[in-house]
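# Overview (structure and organization)
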Amino acid sequence: MRAIILFAIMLFFSLAPVAQGQEKQHFQLDSWKIGKISGAARIEAPGHEAMVITKGRVLFPGQTLMTGHRTRLQMTNGKQRLQVGSNTVLSLPPLHQQKADMTIIRQLTGTVTFSIDKKNKKHFKVETPYMVAAVKGTEFTVSIDPAWANVRVHKGIVEVRNSLNDEAFDVTAGQAAAMNVAGLRGKDWFASRSASPERAASATPALLSRSSPASATARLTLVARGEESPEKRALLRQQTEREGSSNILGLIGGAGASLLAAVFGFFGAIANAIYGWLSSLIVAVLSPLLDRAEGFAALDHWVRVVMIGLAAGLLLGAGSLYYFLFHRR
């Protein structure tokens, strides 16, 4: 009996370092190293202060990465590479939620381009609040914003599965899977994300719970090579509606301008007619005087002087007579 107990103790202590080594190796395999970075980014972890990201820092399981405006950074894990864009939030699940043969990235928002080494089985998975992308080896980009969630494949094949129902697509190179998520986004989560990274991190579990009542209506759309994406079609439709409104406003403005031109033309014609009538009247009244003036100018100089003197004397006499008759009393 003593020999059996001694053997069990020796076996326990011999296997413990092996288990710890496997756990440490698994922990290291699920960690991502930060490469080139431009802009501002930070790492959050429950119960710890936020850490500013610099080149060479490592993102460990259970931590959340958040990038700021106009930020780009690279992350590597062996042969796997990530290009993380601006305003992106992604996290690594804790160790107890991971599998030894599967690498998992949880992306909440933003844009990330994945370059994954090729294997014979699915070994990499991107989980989002709306869809899951599982791959054997490929290059693809996942984009999430308040209106749309997209998976665009550059190389290989990606299995995209709707997290809210059972539909799934195999998306090949040049294709994309899109989902309109405008009715699924939680207002509190998006507002808190724009307010502060800390509140965004705390809102992550609520978003991943997929408790939205509209989740049953969410559908995936497969966009073929060369085909316009749903969000682009929506933008084109909005642009067409704006152009239609602009055309209507242009027609209304043109009609108004034509009406004003007609009114001004009418009153201008009336003003021209009045001006012509007054001009004719003035010419008719002044013509005799002008004719007499021309005849007066043809007389001799001294004759004109005498006539002007007589006219002045007549005016002076008439004025004096008027004064003595009506004002002298």
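Below is a short write-up of the structure.

The rules we used
Residues numbered from 1 in each chain as written. Predicted model: local features only at pLDDT ≥ 70, side-chain atom pairs only at ≥ 80, totals over all residues. Heavy atoms only, no water. Helix = DSSP H or I, 4+ residues; strand = E, 2+ residues; numbered from the N terminus. Buried < 20%, exposed > 50% of the residue type's maximum accessible area, 1.4 Å probe, protein only. Areas by Shrake-Rupley, 256 points an atom, 1.4 Å probe, with all protein chains shown as cover. Contact = heavy atoms within 4.5 Å. Polar contact = N/O pair within 3.5 Å; in protein donor to acceptor, adjacent residues only side chain to side chain. Salt bridge = Lys/Arg side-chain N within 4 Å of Asp/Glu carboxyl O. Phe/Tyr/Trp six-rings, centres within 6.5 Å; stacked < 30°, edge-to-face > 60°. Patch = residues over 30% accessible without salt bridge, like charges linked within 9 Å, V, L, I, M, F, W, Y side chains within 5 Å.

### Overview of the overall build of the chain
Along the chain, the regular secondary structure elements total six helices and 17 strands. For the chain, the residues scored as buried account for 31% of the 329 residues in total. When the accessible surface of the chain is summed, it comes to about 21,200 Å², and 63% of that surface belongs to carbon and sulfur atoms.

### Description of the environment of Ile157
Among the secondary structure elements, Ile157 is positioned in strand β14 (residues 157-162). In sequence terms Ile157 and Thr138 are 19 residues apart; their C-alpha atoms lie 6.6 Å from each other. In contact with Ile157, not counting residues within four places along its chain, are Val135, Thr138, Asp170, Val171 and Thr172.

### Observations concerning the side chain of Glu127
Assignment of secondary structure puts Glu127 in strand β10 (residues 124-127). Within the structure, the side chain of Glu127 is placed 3.1 Å from the side chain of Arg106, a separation counted as a polar contact.

### Topic: unusual backbone geometry
Although it is not a glycine, Arg70 sits at a positive phi angle of roughly 55°. Mapped onto the secondary structure, Arg70 falls in the loop between β5 (64-67) and β6 (72-77). For Arg70, a relative accessible area of 69% translates into the label exposed. At Asn87, a position not held by glycine, the phi torsion is positive, near 50°. The topology assignment puts Asn87 in the loop between β7 (80-84) and β8 (89-91).

### A look at the environment of Ser38
Among the secondary structure elements, Ser38 is positioned in strand β1 (residues 32-38). As for Ser38 and Arg72, which are separated by 34 residues in sequence, their C-alpha atoms are 5.3 Å apart. Ser38 has contacts with Arg70, Thr71 and Arg72, leaving out every residue within four places of it along the chain.

### Remarks on the pattern of salt bridges
In a structure, side chains of opposite charge can pair up when their charged atoms sit close to one another. In the structure shown here, the tally under the stated rule is seven salt bridges. One salt bridge in this structure joins Glu44 and Arg42, with 3.4 Å as the shortest N-O distance. Here Glu44 falls in the buried class, since its relative accessible area comes to 10%. The partner of Glu159 in a salt bridge is Arg161, and the shortest N-O contact between them spans 3.9 Å. Residue classification places Glu159 among the buried positions, given a relative accessible area of 19%. A single network of salt bridges, built from pairs that share partners, joins Arg106, Lys125 and Glu127.

### Looking at the packing of aromatic side chains
Per the stated rule, a full pass over the model turns up four aromatic pairs. The rings of Trp32, Phe114, Phe124 and Phe140 are connected pair by pair, giving a single aromatic cluster.

### Details of the environment of Ala177
Summarising the element assignment, Ala177 is placed in strand β16 (residues 176-180). The buried category is assigned to Ala177, whose relative accessible area is 0%. Residues Ala177 and Val223 lie 46 residues apart in sequence; the distance between their C-alpha atoms is 6.0 Å. The residues contacting Ala177, other than those within four sequence positions of it, are Met131, Ala149, Asn150, Val151, Val160, Val171, Leu220 and Thr221.

### Section: a nonpolar patch on the surface
Residues Leu259, Val263, Phe266, Phe267, Ile270 and Ile274 make up a contiguous nonpolar surface patch of roughly 590 Å² in combined accessible area. Following the sequence through the fold, Phe266 ends up in helix α5 (residues 230-297). What makes Phe266 exposed here is its relative accessible area of 52%.

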